[in-house]
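Survey of secondary and tertiary structure
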Amino acid sequence: LAIAFVAAQSGRMDAAGVELAAARRVAHLLDAPAAVGFEIRATVIDLFLVNDRTALVDVVSSASGMLRDLRSGAGTSDPATVALVQLYAGMGHARLQDDLPGALRLLREAAESARVADLPALELAALAETCVPSIAEGHLETTALLADRLLEEARSRGWADLRSLAPAHGYLGWLALWQGDGVRARDLLERALSLLLPTDWGMRGLVLATLTQSRVLVGDLAGAEAADAVRIQYGGSV
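Read on for a plain summary of the structure. Quick caveat: nothing in here was measured; it's all calculated off a predicted structure.

1. Some thoughts on the layout of surface pockets
Of the pockets and cavities examined, the largest pocket occupies roughly 740 Å³. Residue lining of the largest pocket: 34 residues in total, with Phe5, Gln9, Phe48, Leu87 and Tyr88 positioned closest to the centre. Breaking the lining of the largest pocket down by element, the ones donating at least two residues are helix H1 (2–9), helix H3 (32–49), helix H5 (79–96), helix H7 (120–130), helix H9 (166–178) and helix H11 (201–217). Here the lining of the largest pocket takes six residues from H5, the largest share from any one element.

2. Quick look at the pattern of salt bridges
Inspection of the entire model under this criterion finds 12 salt bridges. Note that Arg108 and Glu137 form a salt bridge whose closest N and O atoms lie 2.9 Å from each other. Pair noted here: Arg108 is in helix H6 (residues 100–116) and Glu137 is in the loop between H7 and helix H8 (140–156), with a separation of 29 residues, a long-range link. The closest approach of N and O atoms between Arg157 and Glu153, which form a salt bridge, is 3.3 Å. Three or more residues are tied together by salt bridges with common partners; here these are Arg24, Glu39 and Asp46.

3. Thoughts on the nonpolar core
Ranked by size, the top nonpolar core spans 63 residues in total, and within it Leu49, Leu56, Leu87, Tyr88, Tyr171 and Leu172 carry the most contacts. Not counting residues up to four positions away in its chain, the partners in contact with Tyr171 are Cys131, Val132, Ile135, His139, Leu140, Thr143 and Ala144. Counting nine residues, the second largest nonpolar core, distinct from the first, contains Ile40, Val82, Ala89 and Leu106.

4. Some thoughts on the environment of Val50
In this fold, Val50 is placed in the loop between H3 and helix H4 (53–71). A residue is classified by how much of its surface remains accessible, and Val50, at 11% relative accessible area, is buried. Between the C-alpha atom of Val50 and that of Asp200, which follows or precedes it by 150 residues, the distance is 8.1 Å. Excluding anything up to four places from it in sequence, Val50 contacts Ala55, Leu56, Val59, Thr199 and Trp201.

5. Focus on empty space enclosed by the protein
Under the definition given, this model contains two cavities of 30 Å³ or more. There is about 60 Å³ of room inside the largest cavity. Around the largest cavity, the lining residues are Val132, Ile135, Gly170, Tyr171, Trp174, Leu189, Met203, Leu206, Val207 and Thr210. Looking at the lining of the largest cavity, the elements with two or more residues in it are H9 and H11. Broken down by element, the residue count for the lining of the largest cavity peaks at four residues, all from H11. Across the lining of the largest cavity, the residue classes break down as eight nonpolar, two polar and no charged. Lining the second largest cavity, in full, are Ile40, Thr43, Val44, Ala63, Met66, Val85, Tyr88 and Ala89. If you list the elements that add at least two residues to the lining of the second largest cavity, you get H3, H4 and H5.

6. A word on the packing of aromatic side chains
Working definition: an aromatic ring pair is given by the centre-to-centre distance plus the angle between the planes. The tally for this structure, following the rule as stated, stands at one aromatic pair. Taking the centre distance of 5.8 Å and the plane angle of 40 degrees together, the rings of Tyr171 and Trp174 count as tilted. With Tyr171 and Trp174 both in helix H9 and three residues apart, the pair spans about one turn of that helix. Judged by its relative accessible area of 1%, Tyr171 falls in the buried class.

7. Overview of the packing of H1 against helix H2 (residues 13–25)
The geometry of H1 relative to H2 is characterised by a closest axis approach of 8 Å and an angle of 165 degrees between their N-to-C directions. Classified by the interaxial angle, the pair formed by H1 and H2 is roughly antiparallel. The hand of the H1/H2 crossing is left-handed. Of the residues in H2, those touching H1 at Ile3, Ala4, Ala7 and Ala8 are Met13, Ala15, Ala16, Glu19 and Leu20. Class assignment of the residues belonging to the contact of H1 with H2 gives a composition of eight nonpolar, no polar and one charged.

8. Examining H1
Every buried residue belonging to H1 is among Ala4, Ala7 and Ala8, and all of these are buried. Within H1, the buried residues cover an arc of 100 degrees as seen down the axis, which keeps them to one side. Opposite the buried face of H1, by more than 90 degrees, sit the exposed residues Ala2 and Ile3. Each element contacted by the buried residues of H1 is listed here: H2 and H3. Positive phi shows up at Gly11, right after H1, with a value of about 85 degrees.

What counts as what
Residues numbered from 1 in each chain as written. Predicted model: local features only at pLDDT ≥ 70, side-chain atom pairs only at ≥ 80, totals over all residues. Heavy atoms only, no water. 1 Å grid on protein atoms, 1.4 Å probe; cavity = no way out; pocket = protein on both sides within 12 Å on 5 of 7 lines; lining within 4 Å. Points joined across faces, edges and corners; volume = space filled by probe spheres on them. Helix = DSSP H or I, 4+ residues; strand = E, 2+ residues; numbered from the N terminus. Salt bridge = Lys/Arg side-chain N within 4 Å of Asp/Glu carboxyl O. Core = buried A, V, L, I, M, F, W, Y, C linked by side-chain atoms within 4.5 Å. Buried < 20%, exposed > 50% of the residue type's maximum accessible area, 1.4 Å probe, protein only. Contact = heavy atoms within 4.5 Å. Nonpolar A, V, L, I, M, F, W, Y, C, P; charged D, E, K, R; others polar. Phe/Tyr/Trp six-rings, centres within 6.5 Å; stacked < 30°, edge-to-face > 60°. Axes fitted to C-alpha atoms, helices over the stretch in contact; angles between N-to-C directions. Parallel < 35°, antiparallel > 145°, perpendicular 65-115°, else oblique. Left-handed = near helix turned anticlockwise from the far one by under 90°. Arc of directions from axis to C-beta.

So this is what it looks like as structure tokens:
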């Protein structure tokens, strides 16, 4: 399972799928408490591997069921595990855009759970994920300050290349575009794109759509056409 997680974070999705399937074939050997923890972590990895909306709906439904069990006292109260489930359920809702207030609540709960558990990388990931859906709340400058703070803290820890920071770069790029700074927008959005996992079609489509506009703004029409062509491969509806 750990090998599957590392492979998924590295963007090697086929290898991650193979390792996850191997783990599930022997999961029946676990006792009941360990099986609960296993299934939670396996569902987290599932979220990395899904590459269409239907599959994402299924994974989010599983994560939501796990959250209900955790809140009712079933399963584990381990704060790291709770934070993981909150984070990936929130990420799923944010990608589906089916419940943005719920997504933000879960992501902020995940950040708090991670802080209590002294898991700064997980806390940064959860807070970075809040940036894009928080656009709906309208607090644009406050969110920009949060994104800047997250990226600075990550740099100070030597974690500048964490893939989970991509939404923070993406948010700042989006904001720079609407402030008329095409060069900064392009650079931030290209950075976000370089960090995103290949299966993160929801965020990738959003970043590509905004990157297309930023390249038009700086006069790079060929680059804009290239970004838009890739965006269309991710559904073309963003």
